Amino acid sequence: MTGRFITLEGGEGAGKSTQVARLAKRLQALGIDAVTTREPGGSPRAERLRELILAGAAKPYGPVAEAIMFSAARDDHLTRVIRPALARGAWVICDRFADSTRAYQGAAGKVPADVIAGLERVVVDGTRPDLTLILDLAPEVGLARATARRGEAGTDRYEGEALSFHRALRRAFLDIARREPRRCVVIDADHPADRIEEAIWRVVADRLGLAQRRLGAVHGA
Ligand code: T5A
């Protein structure tokens, strides 16, 4: 028995966490065992690495070292949380995953693509997402949302980067979607949360066969 693996990606403040929670609630209402998790983090050891990375502790070592740290956190998260959940048939909904390493450390951080691909091959291996929803939003809007939520507490490691970095991120995510259209769907995130939730639900139902599942339930299958 294997579950489904859905990832949400995009720039800062695009609304990923909000939509991860809403999608899980809808799936659970259908009786699906839906597990929500996030990266970096998601397992106790990976959460410890998250604290270090987002506090900027890895920044002096450079983007290659940061990519390795994100990958180390991902390795533990996959082993302890994601693969066991998928193996028992759960649906895993993850707030960021390997596309964030491709975009942040790869495209925007200038780590060579073959290094990123090598890390992904070793760590992610066969556990690729069935569906990736890329929440697309102008970085100015996303950063304003993230700042408003955070208040006066300051920015984390990546929120403080220049606007050019965040524009490069947006292009990188759209490029990933263009290259892998079977896995990725771009969602326009410049709308109220309810409307984005509906758009995501339509994509999930269509791509992952939820309409058939509901039909099966009606016919007692
Ligand atoms: N990173 C991560 C890497 O560099 N490499 C990697 O491999 C990985 C995995 C993670 C950081 O690490 C980097 C990327 C990140 O910089 P994080 O705190 O998890 O740090 O950062 P984000 O994932 O960007 O989390 P945010 O919380 O900032 O953004 P979300 O989850 O996209 O947005 P969300 O849902 O929390 O919403 C932000 C605010 O906007 C409001 C919410 O209520 C909230 O206040 N909001 C809306 N407002 C208006 N309209 C809507 N539709 C809204 N939806 C939400």
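For the structure itself, look to the data block above.
The rules behind these values
- Residues numbered from 1 in each chain as written.
- Predicted model: local features only at pLDDT ≥ 70, side-chain atom pairs only at ≥ 80, totals over all residues.
- Heavy atoms only, no water.
- Helix = DSSP H or I, 4+ residues; strand = E, 2+ residues; numbered from the N terminus.
- Rg over C-alpha atoms; globule rule 2.2 N^0.38 Å.
- Buried < 20%, exposed > 50% of the residue type's maximum accessible area, 1.4 Å probe, protein only.
- Contact = heavy atoms within 4.5 Å.
- Areas by Shrake-Rupley, 256 points an atom, 1.4 Å probe, with all protein chains shown as cover.
- Near = heavy atom within 4 Å.
- Polar contact = N/O pair within 3.5 Å; in protein donor to acceptor, adjacent residues only side chain to side chain.
- Nonpolar A, V, L, I, M, F, W, Y, C, P; charged D, E, K, R; others polar.
- Phe/Tyr/Trp six-rings, centres within 6.5 Å; stacked < 30°, edge-to-face > 60°.
- Salt bridge = Lys/Arg side-chain N within 4 Å of Asp/Glu carboxyl O.

### Considerations on the overall build of the protein chain
No. 1: A tally of helices and strands in the protein chain yields nine helices and five strands.
No. 2: Secondary structure of the protein chain in N-to-C order comes out as β-α-β-α-α-β-α-α-β-α-α-β-α-α.
No. 3: Relative to its length of 221 residues, the protein chain is compact, with a C-alpha radius of gyration of 17 Å against a globular reference of 17 Å.
No. 4: Looking at the protein chain as a whole, 48% of its 221 residues qualify as buried.
No. 5: Of the contacts formed within the protein chain by residues at least 6 apart in sequence, a portion of 78% connects residues at least 24 apart.
No. 6: Carbon and sulfur atoms form 54% of the exposed surface of the protein chain, whose accessible area is close to 11,100 Å².

### Examining the site of the ligand
No. 1: Residues in close proximity to the ligand total 27 residues, the closest being Glu12, Lys16, Ser17, Thr18 and Thr101.
No. 2: In the environment of the ligand, an oxygen atom lies 2.9 Å from a nitrogen or oxygen atom belonging to the backbone of Gly15.
No. 3: Between the ligand and the protein, one listed contact pairs an oxygen atom with a side-chain N or O atom of Ser17 at 2.5 Å.
No. 4: Burial of the ligand by the protein amounts to 84% of the accessible area it has alone, namely 1,000 Å².
No. 5: When contributions to the shell around the ligand are tallied by element, the ones reaching two or more residues are helix 1 (16-29), helix 2 (44-54), helix 3 (63-87), helix 4 (98-108), helix 6 (139-150) and helix 8 (193-207).
No. 6: Considered class by class, the residues forming the shell around the ligand number nine nonpolar, eight polar and ten charged.

### Some details on the packing of aromatic side chains
No. 1: The full count for this structure, using the stated rule, is six aromatic pairs.
No. 2: Each ring, one from Phe70 and one from Tyr158, has its centre 6.2 Å from the other, and the planes form 40 degrees; the classification is tilted. Of this pair, Phe70 sits in helix 3 while Tyr158 sits in the loop between helix 6 and helix 7 (163-179), and the two are 88 residues apart along the sequence.
No. 3: Judged by relative accessible area, which is 9%, Phe70 ranks as buried.
No. 4: Looking at Tyr158, the relative accessible area reads 5%, which means it is buried.
No. 5: Summarising the aromatic geometry, the rings of Tyr104 and Tyr158 are spaced 5.3 Å apart at their centres and angled 80 degrees between planes, so their arrangement reads as edge-to-face. In this pair, Tyr104 sits in helix 4 while Tyr158 sits in the loop between helix 6 and helix 7, placing the two residues 54 residues apart along the sequence.
No. 6: A relative accessible area of 5% means that Tyr104 is categorised as buried.
No. 7: Taken together, the ring pairs connect Phe70, Tyr104, Tyr158, Phe165 and Phe173 into an aromatic cluster.

### A word on the pattern of salt bridges
No. 1: Scanning all chains against the criterion turns up 22 salt bridges.
No. 2: Arg22 serves as the salt-bridge partner of Glu197, at 2.6 Å between the closest nitrogen and oxygen. One end of the pair, Glu197, is in helix 8; the other, Arg22, is in helix 1, and 175 residues separate them in sequence.
No. 3: Using a relative accessible area of 25% as the deciding quantity, one classes Arg22 as partly exposed.
No. 4: Sharing partners across several salt bridges, the network here consists of Asp99, Arg102, Glu120, Arg128, Glu180 and Arg183.

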